[in-house]
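Remarks on the overall topology
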Amino acid sequence: MNAPLLFDWRRDEARRASRRRQQARQRAQERQRRMDAIIALTAVIGLLLALGVGLESTPQHVAHADTAVTGDAAYTVEDFTDMSDLAWRNGNQCESRFDWPVDDPQVEQQFERPINPWAPGHRGVDLVAEQGTVILSPQAGTVSFAGKDVVSVRHRGGVTSTFEPAVTELSVGDTISRRQPVGIVEGSSDHCEDRCLHWGLKRGTADYLDPQQYAGSRKIVLKPS
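First, a word on what this report is: a plain description of the structure on this page. (Residues numbered from 1 in each chain as written. Predicted model: local features only at pLDDT ≥ 70, side-chain atom pairs only at ≥ 80, totals over all residues. Heavy atoms only, no water.)

**Regarding the overall build of the protein chain**
When you go through the protein chain residue by residue, the secondary structure sums to two helices and 12 strands. Ordered by position from the N terminus, the helices and strands of the protein chain form the series α-α-β-β-β-β-β-β-β-β-β-β-β-β. Within the span of the protein chain, comprising 225 residues, buried residues form 31% of the whole. Counting contacts in the protein chain only where the partners sit at least 6 residues apart, residues at least 24 apart contribute 64% of the total. Summing over all exposed atoms, the protein chain offers an accessible surface of approximately 14,400 Å²; the carbon and sulfur share of this is 55%. (Helix = DSSP H or I, 4+ residues; strand = E, 2+ residues; numbered from the N terminus. Buried < 20%, exposed > 50% of the residue type's maximum accessible area, 1.4 Å probe, protein only. Contact = heavy atoms within 4.5 Å. Areas by Shrake-Rupley, 256 points an atom, 1.4 Å probe, with all protein chains shown as cover.)

See the structure below:
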């Protein structure tokens with residue numbers, strides 16, 4: 001009689017232990033589901049807060065796509081996007097973002113955008129300029145390169161002007177103001193011999209811009225070929 005009772009007791013105890021383990025697994029799974037829900041909710045709240053802060057900090061003068069940005073305003077979306085359409089739609093009401101680097105500019109060869117960073121094209125404009133012509137900074141900035149008959153000036157918004165052939169007495173890191181002399185036309189360039197200044201305008205590392213779309217409203221004379 002005692003053996004069957006002992007067997008039944010052990011069997012019942014095993015069943016109770018199995019039920020306890022199953023309940024423990026269920027509670028652990030429920031805790032994990034709750035934790036996952038809390039993490040997801042926290043992520044959503046953080047994203048919404050970040051978007052809210054970004055919207056509140058957007059400058060009012062770029063809230064409308066047709067708003068012209070003039071003068072030395074703070075950085076705007078237009079600093080990092082092509083502004084040619086913006087300048088065209090605002091016409092003479094929009095102050096030019098850049099001045100021409102030479103007086104009385106005459107374009108010898110126009111900008112030709114490459115289809116990709118490695119494709120052929122003309123990544124700037126060639127302006128008629130004799131050796132010794134003074135080069136003026138199109139906009140305030142910092143000298144970022146000087147050497148090998150090339151001078152580059154970094155402007156706000158990640159835009160860089162590059163001039164060649166050019167030499168300068170300035171050093172890398174020197175800050176310059178708008179229309180301040182940067183250097184003179186001197187040396188050699190594969191764009192032209194000794195009769196022009198190549199002005200390249202680039203945003204970032206490989207986004208070449210058409211300087212004519214960003215420069216002053218003065219009528220430009222295209223030199224006959």
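**Section: the nonpolar core**
Side chains of a nonpolar character, in soluble globular proteins, are inclined to be buried together. Residues W100, F163, L197, W199 and L201 are the most contacted members of the largest nonpolar core, which totals 23 residues. Contributions of two or more residues to this core are made by β2 (125-128), β5 (150-154), β6 (159-164), β9 (181-185) and β10 (196-203). With three residues, β10 is the single largest residue contributor to this core. With near-sequence residues (within four places) excluded, W199 lies in contact with F98, D99, W100, P101, G124, V125, P138, S161, T162, F163, P211 and A215. (Core = buried A, V, L, I, M, F, W, Y, C linked by side-chain atoms within 4.5 Å.)

**Looking at the packing of aromatic side chains**
Counted by the stated rule, this structure contains two aromatic pairs. Both rings, one in F98 and one in Y214, keep their centres 6.4 Å apart while their planes meet at 75°; by these two values the pair is edge-to-face. Separated by 116 residues along the polypeptide, F98 in the loop between α2 (84-90) and β1 (106-109) and Y214 in the loop between β11 (207-209) and β12 (221-222) bring together distant segments of the chain. Pairing W100 with W199 gives two aromatic rings, centres 5.7 Å apart and planes at 70°, and the pair type is edge-to-face. With W100 in the loop between α2 and β1 and W199 in strand β10, the pair connects residues that are 99 residues apart, well separated along the chain. Each member of the pair, W100 as well as W199, is classed as buried. The residue whose ring lies beneath R123 is Y208, and the NZ or CZ to ring-centre distance is 5.3 Å. (Phe/Tyr/Trp six-rings, centres within 6.5 Å; stacked < 30°, edge-to-face > 60°. Lys NZ or Arg CZ within 6 Å of the ring centre and 35° of its normal.)

**Thoughts on the side chain of D99**
Mapping D99 onto the fold places it in the loop between α2 and β1. At 2.8 Å, the side chain of D99 forms a polar contact with the side chain of R178. Excluding residues within four positions of it along the chain, D99 makes contact with P138, R178, R179 and W199. (Polar contact = N/O pair within 3.5 Å; in protein donor to acceptor, adjacent residues only side chain to side chain.)

**Here we look at the sheet that holds strand β7 (residues 166-167)**
Within a sheet, each strand pairs with its neighbour through backbone hydrogen bonds, oriented either parallel or antiparallel. Pairing is antiparallel across the open sheet formed by three strands, whose spatial order is β3-β9-β7. Of all strands in the sheet, those bounded by a partner on one side alone are β3 (134-136) and β7. As judged from the two bridges shared by β7 and β9, these two strands associate in the antiparallel manner. Pairing of A166 across the sheet is with V185, part of β9. (Pairing = 2+ DSSP bridges.)

**Some details on the pattern of salt bridges**
A complete count under the given rule lists seven salt bridges for this structure. Its salt-bridge partner being R195, residue E108 comes within 3.2 Å of it at the nearest N-O pair. Of the two residues, E108 sits in strand β1 while R195 sits in the loop between β9 and β10, which places them 87 residues apart along the sequence. Classification of R195 by relative accessible area gives partly exposed; the value is 35%. (Salt bridge = Lys/Arg side-chain N within 4 Å of Asp/Glu carboxyl O.)

**A word on the side chain of R203**
Mapped onto the elements, R203 comes out in strand β10. A distance of 2.3 Å separates the side chain of R203 from the side chain of D207, its partner in a polar contact.

**Brief notes about the pairing of β10**
Extensive coverage of β10 is indicated by the burial of seven of its eight residues. Summarising the sheet, β2 and β10 pair through four bridges and their orientation is antiparallel. Residue pairing in the sheet places V125 in a bridge with W199 of β10. Inspection of the sheet shows β6 paired to β10 by six bridges, in the antiparallel sense. Opposite E164, over in β10, you have H198 as the bridge partner. The pairing of β10 with β11 spans three bridges and is antiparallel. Counted as the bridge partner of K202 is Y208 from β11. Turn length for the β10-β11 hairpin, with the two strands adjacent in sequence and antiparallel, is three residues, and the turn residue G204 shows positive phi of about 75°.

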